[in-house]
Amino acid sequence: MKILVIEDNIELLNDIKNFLEREGNVCEIATDYRTAYMKVGIFPYDILVVDLTLPDGNGLDIIREIKKENIDVGIIIVSAKNALE
């Protein structure tokens, strides 16, 4: 599968990416809203792993745009909002 991981926490981003690649997936990354939105508009993905809080936008806004444009992709939401360290 081709997966786009959208996450601004570099350590978590690398952990998710490395795990998914070890499982045989092809992974691309985006660390902000602008980059993620651009990549989704250009490349086809099977799954998006989306963080809700990005430095320049909201992951839910990316999901809304994808649904509005009828892009066929699976979505997994990742959020540490209100989580304890």
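These numbers were taken from a predicted model, which means no experiment stands behind them. (Residues numbered from 1 in each chain as written. Predicted model: local features only at pLDDT ≥ 70, side-chain atom pairs only at ≥ 80, totals over all residues. Heavy atoms only, no water.)

Asks: Would you mind going over helix α3 (residues 59-68) with me for this structure?
Replies: Each α-helix turn comprises 3.6 residues. Residues three or four places apart therefore point the same way. Those residues of α3 lying buried are G59, I62, I63 and I66. Buried residues of α3, seen end-on, are gathered within an arc of 100° and therefore sit on one face of the element. With a side-chain oxygen lying 2.6 Å from the backbone nitrogen of L60, the N-terminal cap of α3 falls on N58. Two residues or fewer after α3 comes N70, characterised by a positive phi angle close to 55°. (Buried < 20%, exposed > 50% of the residue type's maximum accessible area, 1.4 Å probe, protein only. Helix = DSSP H or I, 4+ residues; strand = E, 2+ residues; numbered from the N terminus. Arc of directions from axis to C-beta. Polar contact = N/O pair within 3.5 Å; in protein donor to acceptor, adjacent residues only side chain to side chain.)

Asks: In this structure, what is going on with the pairing of strand β3 (residues 47-51)? I would like to understand it.
Replies: The buried count for β3 comes to 5 of 5 residues, which makes it a mostly enclosed element. Burial along β3 is two-sided: I47, V49 and D51 and L48 and V50, pointing in opposite directions, are all buried. Relative to β3, strand β1 (residues 2-6) is paired through 4 bridges, and the arrangement is parallel. Looking at β3, one finds that I6 is bridged to V50. (Pairing = 2+ DSSP bridges.)

Asks: Can you walk me through the sheet that holds β1 in this structure?
Replies: For sheets, the rule is that strands pair by backbone hydrogen bonds, running either parallel or antiparallel. In space, the 4 strands of this open sheet follow the order β2-β1-β3-β6, with parallel pairing throughout. If you trace the sheet from one side to the other, it starts and ends with β2 (26-30) and β6 (74-78), each paired once. The average undirected angle you get between the axes of adjacent strands in this sheet is 20°. Across 5 bridges, β3 lies against β6 in parallel orientation. Across the sheet, the residue bridging to L48 is I75, located in β6. (Axes fitted to C-alpha atoms, helices over the stretch in contact; angles between N-to-C directions.)

Asks: Is there a simple way to explain the environment of I10 in this structure?
Replies: Relative to the assigned elements, I10 resides in helix α1 (residues 10-22). Sequence separation between I10 and T31 is 21 residues; the distance between their C-alpha atoms is 7.7 Å.

Asks: When you look at the nonpolar core in this model, what are you seeing that I'm missing?
Replies: A general trend in soluble globular proteins is that nonpolar side chains are found buried together. Of all hydrophobic cores here, the largest spans 14 residues; its most connected members are L4, I6, L48, I62 and I66. Contributions of two or more residues to this core are made by β1, α2 (33-42), β3 and α3. (Core = buried A, V, L, I, M, F, W, Y, C linked by side-chain atoms within 4.5 Å.)

Asks: Hey, could you run me through the packing of aromatic side chains in this one?
Replies: Aromatic ring pairs are defined here through the distance separating the ring centres and the angle between the ring planes. Evaluated as defined, the whole model comprises 1 aromatic pair. For the pair Y33 and Y37, a centre-to-centre distance of 6.0 Å together with 5° between the ring planes defines the contact as stacked. Note that Y33 and Y37 are positioned in helix α2 at a spacing of 4 residues, about one turn of the helix. The class for Y37 is partly exposed, based on a relative accessible area of 35%. Geometry around Y45 places K2 over its ring, the cationic atom sitting 5.2 Å from the centre. (Phe/Tyr/Trp six-rings, centres within 6.5 Å; stacked < 30°, edge-to-face > 60°. Lys NZ or Arg CZ within 6 Å of the ring centre and 35° of its normal.)

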